[in-house]
Amino acid sequence: MEELNMRIEDRPEQHYVAIKRTISMTDFPEIADKLPVVIGWLAGRGIAPASAPFFKYNSLEMPDRLEVEAGVPVASAVEGEGEIFAGVLPSGRYVVHTHHGHPDKLADATGKLLAQAAEQDLRWDLTERDGVEVWAARLEVYKTHPAEQPDWNKWETDLVFKLAG
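Residues numbered from 1 in each chain as written. Predicted model: local features only at pLDDT ≥ 70, side-chain atom pairs only at ≥ 80, totals over all residues. Heavy atoms only, no water.

Here we come to the nonpolar core. One finds Val17, Phe55 and Val68 to be the most contacted residues of the largest nonpolar core, which totals 34 residues. Once residues lying within four places of it in the same chain are set aside, the contact partners of Val17 are Val38, Trp41, Leu42, Ala70, Gly71, Val72, Val74, Val78, Ile84, Phe85 and Ala86. Grouped together as the second largest cluster of nonpolar side chains are 11 residues, Leu89, Tyr94, Leu139 and Val141 included. (Core = buried A, V, L, I, M, F, W, Y, C linked by side-chain atoms within 4.5 Å. Buried < 20%, exposed > 50% of the residue type's maximum accessible area, 1.4 Å probe, protein only. Contact = heavy atoms within 4.5 Å.)

Following this line, the structure appears as structure tokens:
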């Protein structure tokens, strides 16, 4: 199997705002379409994003039931409103892999990342209950702005998964 270029980073806690949905993989556009809503909500309040937007996978029962957040980091705590809520990504050690290419290849990259981490005896900050994985922090961070780079094959996306301990 091809080795991924993954690294371990210590990350501080990160405030964010998001919208959450429980979806299936085929319904992913329902949550993906919420990123512009969150970004627009922040812009309407004069709040700049602290870094790139993300999808946070809270729980996974593949492929039919995923709880996913469309989130945007902010510099400090912000009070949510309506379906937009405030959250905090926990501090700790994270495995990070930068995927170069189309987002439809992220599932393959994720599988390789999980397998490579298992080979290295890395343990994720997750619990499993009745076949459902509940993650402390499992993110896809979209570093490429679609307006600046419309070619999805040239996008950069960080896979950022929290380690246990």
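Mapped onto the elements, Arg11 comes out in strand E1 (residues 6–11). For Arg11 and Ser91, which are 80 residues apart along the polypeptide, the C-alpha to C-alpha distance reads 5.4 Å. Within the structure, the side chain of Arg11 is placed 3.0 Å from the side chain of Glu9, a separation counted as a polar contact. (Helix = DSSP H or I, 4+ residues; strand = E, 2+ residues; numbered from the N terminus. Polar contact = N/O pair within 3.5 Å; in protein donor to acceptor, adjacent residues only side chain to side chain.)

Moving on to the confidence of the model for the chain. Detailed reading of the predicted model is not advised wherever pLDDT is low. For the chain, the average pLDDT comes to 94, and 98% of its residues sit at 70 or higher. Element-level pLDDT for the chain is lowest in strand E7 (residues 126–129), with a mean of 93, against a maximum mean of 98 in strand E5 (residues 85–89). (pLDDT = per-residue confidence, 0-100.)

As a further point, take the pairing of strand E4 (residues 65–73). Judged by how many residues are buried, E4 sits mostly within the fold: 7 of 9 residues are covered. Sheet analysis places strand E2 (residues 14–23) next to E4, joined by 8 bridges and oriented antiparallel. Paired with Thr22 across the strands is Glu67, a residue of E4. Pairing of strand E3 (residues 54–61) with E4, which is carried by 7 bridges, proceeds in the antiparallel orientation. By the bridge assignment for E4, Lys56 is matched with Glu69. (Pairing = 2+ DSSP bridges.)

The phi dihedral of Asp121 is positive, around 60 degrees, even though this residue is not glycine. Structurally, Asp121 is set in the loop between helix H3 (106–119) and E7. Of note, the phi angle at Asp130 is positive, near 50 degrees, even though the residue is not glycine. Inspection of the secondary structure assignment puts Asp130 in the loop between E7 and strand E8 (132–135).

In this structure, E3 lies alongside E8, joined through 2 bridges in antiparallel fashion. Paired with Ser59 across the two strands is Val134, which belongs to E8. Sheet topology places E7 next to E8; 4 bridges connect them, and they run antiparallel. Along E8, the bridge assignment pairs Arg129 with Val132. Once E7 ends, the chain turns through 2 residues before running back antiparallel as E8, passing Asp130 with a positive phi of about 50 degrees.

A few words now on the packing of aromatic side chains. Under the criterion given, the structure shown has 10 aromatic pairs. With 6.5 Å between their ring centres and 75 degrees between their planes, Tyr16 and Phe85 make a pair best called edge-to-face. Highlighted residues: Tyr16 in strand E2 and Phe85 in strand E5, separated in sequence by 69 residues. Here the aromatic rings of Trp135 and Phe161 are separated by 5.5 Å at their centres, their planes lie at 65 degrees, and the arrangement is edge-to-face. With Trp135 in strand E8 and Phe161 in strand E10 (residues 156–162), this residue pair connects regions lying 26 residues apart in the sequence. A single burial state applies to Trp135 and to Phe161, both of which are buried. In this structure an aromatic cluster arises from ring pairing among Phe28, Phe55, Tyr57, Tyr142, Trp152 and Trp155. A cation sits over an aromatic face here: Lys20 above Phe85, 5.1 Å from the ring centre. Sitting above the plane of the Trp135 ring, Arg138 keeps its charged end 4.8 Å from the centroid. (Phe/Tyr/Trp six-rings, centres within 6.5 Å; stacked < 30°, edge-to-face > 60°. Lys NZ or Arg CZ within 6 Å of the ring centre and 35° of its normal.)

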